[in-house]
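A structural walkthrough
Read off the chains here:
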Amino acid sequence: MRMSQQGRYRGGKAKEFTIGHITMADLPPRDTVRWVSSRKATVVEAVQCGVITLADACSRYALSLEEFLSWQRALEQGGTPGLRATNPAKPKEH
């Protein structure tokens with residue numbers, strides 16, 4: 001089964017995470033530009049499962065170590081929803 005079907009943070013709680021069978025075929029394409037939360041989670045999970053090394057993931061996706069670690073922290077703290085890129089509304093000028 002694909003990771004997108006098995007490995008999930010349930011209820012946004014990191015403690016309830018179950019790892020599925022992830023392979024290199026489950027990774028996002030090298031030229032990914034739009035990083036939705038599920039793609040970020042797949043990359044983090046692949047590194048954690050040993051499918052790809054941290055160095056290879058950073059090189060493959062042009063990520064800095066800091067960016068990858070921020071994804072990892074967000075995934076651990078808030079599950080896949082924690083990886084969503086949200087832009088807080090700017091305060092209206094009066």
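That block above? That's the structure.
In what follows, the accompanying structure is described. (Residues numbered from 1 in each chain as written. Predicted model: local features only at pLDDT ≥ 70, side-chain atom pairs only at ≥ 80, totals over all residues. Heavy atoms only, no water.)

Quick look at helix α3 (residues 54-61)
- Within the span of α3, buried status applies to Ala 57, Cys 58, Arg 60 and Tyr 61. Angular distribution of buried residues about the axis of α3 spans 165 degrees; they occupy a single face of the element. Relative to its buried face, α3 has exposed residues pointing more than 90 degrees away, namely Ala 55 and Ser 59.
- Those residues of α3 that are buried are in contact with α2 (37-49) and α4 (65-78). (Buried < 20%, exposed > 50% of the residue type's maximum accessible area, 1.4 Å probe, protein only. Helix = DSSP H or I, 4+ residues; strand = E, 2+ residues; numbered from the N terminus. Arc of directions from axis to C-beta. Contact = heavy atoms within 4.5 Å.)

Some points on the packing of α2 against α4
- Running from N to C, α2 and α4 cross one another at 95 degrees; their axes reach a closest spacing of 10 Å. Our classification of the angle between α2 and α4 gives roughly perpendicular. Side by side, α2 and α4 meet where Lys 40, Ala 41, Val 43, Val 44, Glu 45, Val 47 and Gln 48 of the first sit next to Phe 68, Trp 71, Gln 72, Leu 75 and Glu 76 of the second.
- Classifying every residue of the contact of α2 with α4 by side-chain character gives 7 nonpolar, 2 polar and 3 charged. (Axes fitted to C-alpha atoms, helices over the stretch in contact; angles between N-to-C directions. Parallel < 35°, antiparallel > 145°, perpendicular 65-115°, else oblique. Nonpolar A, V, L, I, M, F, W, Y, C, P; charged D, E, K, R; others polar.)

Some thoughts on the packing of aromatic side chains
- According to the stated counting rule, one finds 2 aromatic pairs in the structure shown.
- For the ring pair Trp 35 and Tyr 61, a centre distance of 5.2 Å and an interplane angle of 90 degrees mean the geometry is edge-to-face. One end of the pair, Trp 35, is in the loop between α1 (3-6) and α2; the other, Tyr 61, is in helix α3, and 26 residues separate them in sequence.
- For Trp 35, a relative accessible area of 19% translates into the label buried.
- The class of Tyr 61 is buried, set by a relative accessible area of 6%.
- On the basis of an interplanar angle of 50 degrees and a centroid distance of 5.0 Å, the ring pair of Trp 35 and Trp 71 is categorised as tilted. (Phe/Tyr/Trp six-rings, centres within 6.5 Å; stacked < 30°, edge-to-face > 60°.)

Some remarks on unusual backbone geometry
- Non-glycine residue Ala 62 carries a positive phi angle of around 55 degrees.
- Relative to the helices and strands, Ala 62 resides in the loop between α3 and α4.
- A relative accessible area of 68% places Ala 62 in the exposed class.

Nothing here speaks to function; it is geometry throughout.
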